[in-house]
Amino acid sequence: MSFVADLYRRSSPNAGMAEFQEKLRLQHENSMHTELEKLLTTAKTLEAEISRKDFEGFKKLFHRFLQEKGPSVDWAKIQRPPEDSIQPYEKINLKGLPADVASSLNKLAVVKLNGGLGTSMGCKGPKSLISVRNENTFLDLTVQQIEHLNKTYNADVPLVLMNSFNTDEDTKKILQKYTHHRLKIHTFNQSRYPRINKESLLPVATNMGLTGENEEAWYPPGHGDIYASFYNSGLLDKLIAEGKEYIFVSNIDNLGATVDLHILNHLMSQPSGKRCEFVMEVTDKTRADVKGGTLTQYDGKLRLLEIAQVPKAHVDEFKSVTKFKIFNTNNLWISLPAIKRLHEKNAMDMEIIVNPKTLDGGLNVIQLETAVGSAMKSFENALGINVPRSRFLPVKTTSDLLLVMSNLYSMDAGSLTMSPKREFPSTPHVKLGSSFTKVRDFLKRFESIPDMLELDHLTVSGDVTFGKQVTLKGTVIIIANHGDRIDIPAGAMLENKIVSGNLRILDH
């Protein structure tokens, strides 16, 4: 008799299914624990100690994954957030700044999420090392911004990088070039979790190595891991001992995520009993942001609602720009003592994101992840601040890269600001085709970045190149069909134009 049939046989008819499922869950959990112990025996002593801590977090997540079924929210309980729970930035800005800005800055550390690779843009190594403006990388710009703050206000704001096992080595090599800059740089690694075979619910890895057959067996478990890995690294306690009270967390590829002194002042000027432990910067949705997480009121708490948690029947409602007007920028201000308290009490409540993947060999696996913003409901006096769109300037694709490299933005001390010469505050909608996906190919196709000050919309598809000093205005659509090539000549001015077919510079 099979194991499953035997379980059925020994279960009572009424409670049969529940008992069977519970035994099956226990079997999966025990098998997973056995496999993890086997993996640890293949690690060196120091690595085994770190991995054991990582695996403790993974076991908790796996346990919850086996327990939970269906969407993690009850749609009927979702309510609009109370008026005062999301403050307009203008109101916070009106307070002005105190005479002693440095004392607030000295209680702050800046944390950048630096676990991602540049593979989606055809680059090897950490995404933070891609050049985005005048040969400056994301990391260069971040360093310049914080160094400028420290010099201007005679302050001591450190930069903390949360690396992953994918980015740690390359990032540490590059950090040597900032030795003489006016800022301290700390790093810590987020956890390394095993990918799970979708069928057997066991790890894919055969040992703790990261190469060969194990190259695809591991993953960094999303930015929600920041709380545990920050604590486990010892850096959280170190910063608290140095008098730091808040961290400003953001994605390293969001070029709009600079330290905002008005938000910092708002946090520091709260009465001590009413201290806001968590601020999420949100901004107004546009059609491009319909999948972004939003804020709701749920069980009396302000809560981040992600599209993955929404029951299928309500996805269109979730995407509505009228019902859910704002989305999460992932710019977060979080109290350090609160992180310590919640972690030690095991009270950090974050939904599990089950991320299905197919490995190169065709094997279906799942990754269990969490998002940093979903812990919001665990913190006291959490607040949303509706910030200007300029604080959300992510560079995920070469289409985004074209915008930040252009004359739409000017750069000052590592910060990008929209050119005052642009009449509209919104950025143009840019969609570059697959010939532009990789940064290397993208750069070859532009002799210089076009003038885009008066551009509203740009679509480019196929084999297209741009000469020097091209100007684009209004809506421009350039489509080279398969086998055709379009060369936009140097000095050309395209305004509200559709260009298609075959156009070579020689034709002119």
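Overview of the structure. In this text the structure is predicted, and so the values were computed from the model without any measurement.

Here is what the cut-offs are and how they apply
- Residues numbered from 1 in each chain as written.
- Predicted model: local features only at pLDDT ≥ 70, side-chain atom pairs only at ≥ 80, totals over all residues.
- Heavy atoms only, no water.
- Buried < 20%, exposed > 50% of the residue type's maximum accessible area, 1.4 Å probe, protein only.
- Helix = DSSP H or I, 4+ residues; strand = E, 2+ residues; numbered from the N terminus.
- Pairing = 2+ DSSP bridges.
- Contact = heavy atoms within 4.5 Å.
- Patch = residues over 30% accessible without salt bridge, like charges linked within 9 Å, V, L, I, M, F, W, Y side chains within 5 Å.
- Areas by Shrake-Rupley, 256 points an atom, 1.4 Å probe, with all protein chains shown as cover.
- Salt bridge = Lys/Arg side-chain N within 4 Å of Asp/Glu carboxyl O.
- Lys, Arg positive; Asp, Glu negative; His and termini not counted.
- Charge placed at Lys NZ, Arg CZ, Asp CG, Glu CD.
- Axes fitted to C-alpha atoms, helices over the stretch in contact; angles between N-to-C directions.
- Parallel < 35°, antiparallel > 145°, perpendicular 65-115°, else oblique.
- Left-handed = near helix turned anticlockwise from the far one by under 90°.
- Nonpolar A, V, L, I, M, F, W, Y, C, P; charged D, E, K, R; others polar.
- Phe/Tyr/Trp six-rings, centres within 6.5 Å; stacked < 30°, edge-to-face > 60°.
- Lys NZ or Arg CZ within 6 Å of the ring centre and 35° of its normal.

**Examining the pairing of strand β10 (residues 246–251)**
Moving on, step 1. In terms of residue burial, β10 counts as a mostly covered element, since six of its six residues are buried.
Moving on, step 2. Here β10 shows no split at all, with Tyr246, Phe248 and Ser250 on one side and Ile247, Val249 and Asn251 on the other all buried.
Moving on, step 3. Pairing analysis gives six bridges linking strand β2 (residues 108–114) to β10, with the strands arranged parallel. Note that in β10 the partner of leucine 113 across the bridge is asparagine 251.
Moving on, step 4. Inspection of the sheet shows β10 paired to strand β14 (residues 326–335) by four bridges, in the antiparallel sense. When the bridges of β14 are listed, isoleucine 247 appears paired with isoleucine 334.

**Topic: the environment of arginine 80**
Moving on, step 1. Among the structural elements, arginine 80 can be located in the loop between α3 (45–67) and β1 (86–88).
Moving on, step 2. For arginine 80, a relative accessible area of 57% gives the class exposed.
Moving on, step 3. Note: C-alpha distance between arginine 80 and lysine 323 (243 residues apart in sequence) is 8.7 Å.
Moving on, step 4. In this structure arginine 80 touches Gln297, Thr322, Lys323 and Lys325, once residues within four positions along its chain are discounted.

**Some words on a positive patch on the surface**
Moving on, step 1. Taken together, the side chains of Lys124, Lys438, Arg440 and Lys444 define a basic patch exposed on the protein surface.
Moving on, step 2. In this structure, lysine 124 sits in the loop between β2 and β3 (131–133).
Moving on, step 3. Note on lysine 124: relative accessible area 83%, which makes it exposed.

**What to know about the packing of helix α2 (residues 16–40) against α3**
Moving on, step 1. Put simply, α2 and α3 touch, their axes get as near as 11 Å, and they point 165° apart. Classified by the angle between their axes, α2 and α3 sit roughly antiparallel to one another. In this structure, the crossing between α2 and α3 has a hand that is right-handed. Together, Arg25, His28, Glu29, Met32, His33, Leu36, Glu37, Leu39 and Leu40 of α2 and Ala48, Ser51, Arg52, Phe55, Phe58, Lys59, Phe62, His63, Leu66 and Gln67 of α3 make up the contact between the two elements.
Moving on, step 2. The residue inventory of the contact of α2 with α3, partitioned by class, reads nine nonpolar, five polar and five charged.

**A few points about the sheet that holds strand β25 (residues 493–500)**
Moving on, step 1. One open sheet accounts for four strands, arranged β20-β21-β23-β25; its pairing is parallel. In this open sheet, the two strands that pair with only one neighbour each are β20 (429–432) and β25. Averaged over all pairs of adjacent strands, the angle between their axes in this sheet comes to 15°, without regard to strand direction.
Moving on, step 2. Here helix α13 (residues 398–405) sits on the sheet in contact with β20 and β21 (451–461), set at roughly 130° to β20.

**Considering the packing of aromatic side chains**
Moving on, step 1. Throughout the structure, instances matching the rule amount to 15 aromatic pairs.
Moving on, step 2. A centroid spacing of 5.1 Å and a plane angle of 45° characterise the contact between phenylalanine 278 and phenylalanine 379, whose relative ring orientation is tilted. Placement of the pair is phenylalanine 278 in strand β11 (residues 278–284) and phenylalanine 379 in the loop between β16 (364–369) and β17 (383–386), with a sequence separation of 101 residues.
Moving on, step 3. Looking at phenylalanine 278, the relative accessible area reads 0%, which means it is buried.
Moving on, step 4. Take phenylalanine 379: its relative accessible area is 2%, and that puts it in the buried class.
Moving on, step 5. Through pairs of rings, three or more aromatic residues link up here, namely Phe58, Phe62, Phe65, Tyr193 and Tyr219.
Moving on, step 6. In this structure, arginine 303 is placed above the aromatic ring of tyrosine 298, and the distance from its NZ or CZ to the ring centre is 4.3 Å.

**A closer look at the sheet that holds strand β15 (residues 353–358)**
Moving on, step 1. Taking strand neighbours across the sheet as the criterion, the three strands line up as β8-β16-β15 in an open arrangement whose pairing is antiparallel. One side of each edge strand has no neighbouring strand; the edge strands of this open sheet are β8 (196–197) and β15.
Moving on, step 2. Where β15 lies against β16, six bridges are found, and the strand directions are antiparallel. Paired with proline 356 across the strands is isoleucine 366, a residue of β16.

Taken by themselves, the reported measurements are silent on function.
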